[in-house]
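Fold and geometry: a report
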Amino acid sequence: MDLSTLLNHPKLSRRFRLQYEEAQSRWVLLYPEGMVQLNPSAAEILQRCDGVRTFDGIVAELEAAFNAQGIAPEVLALLEEGQRRGWID
């Protein structure tokens, strides 16, 4: 996948399921071989990777929700890492 696809409509891979684990008090990505524990920021970003929202939309939504500015580089870094690890289609 190229960067333009990642920026248009990032989507969580069907191989992973994002869910909140009460036992660990955190969001996780579940997959057949195991689980990835997410920090709160990663969980907020990945919850918005639905294939409908654009990268810019995700950033704007996060900036509004958390009264933050200039977070696009961090969001992009997580999406690139998620793409590398197969979390993002």
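Notes on the structure follow. (Residues numbered from 1 in each chain as written. Predicted model: local features only at pLDDT ≥ 70, side-chain atom pairs only at ≥ 80, totals over all residues. Heavy atoms only, no water.)

1. Some words on the pattern of salt bridges
- In this structure the tally under the stated criterion is six salt bridges.
- Here Glu61 and Arg48 are joined by a salt bridge, their closest N and O atoms 2.9 Å apart. Of this pair, Glu61 sits in helix H3 (residues 55-65) while Arg48 is found in the loop between helix H2 (40-47) and H3, placing the two residues 13 residues apart along the sequence.
- Take Glu61: its relative accessible area is 30%, and that puts it in the partly exposed class.
- Given a relative accessible area of 11%, Arg48 falls into the buried group.
- Its salt-bridge partner being Arg53, residue Asp50 comes within 2.7 Å of it at the nearest N-O pair.
- By relative accessible area, Asp50 is classed as partly exposed at 34%.
- What makes Arg53 partly exposed here is its relative accessible area of 28%.
- Salt bridges linked by common partners bring Glu44, Arg48, Asp50, Arg53 and Glu61 together as one network. (Salt bridge = Lys/Arg side-chain N within 4 Å of Asp/Glu carboxyl O. Helix = DSSP H or I, 4+ residues; strand = E, 2+ residues; numbered from the N terminus. Buried < 20%, exposed > 50% of the residue type's maximum accessible area, 1.4 Å probe, protein only.)

That's the geometry; what it means functionally is another story.
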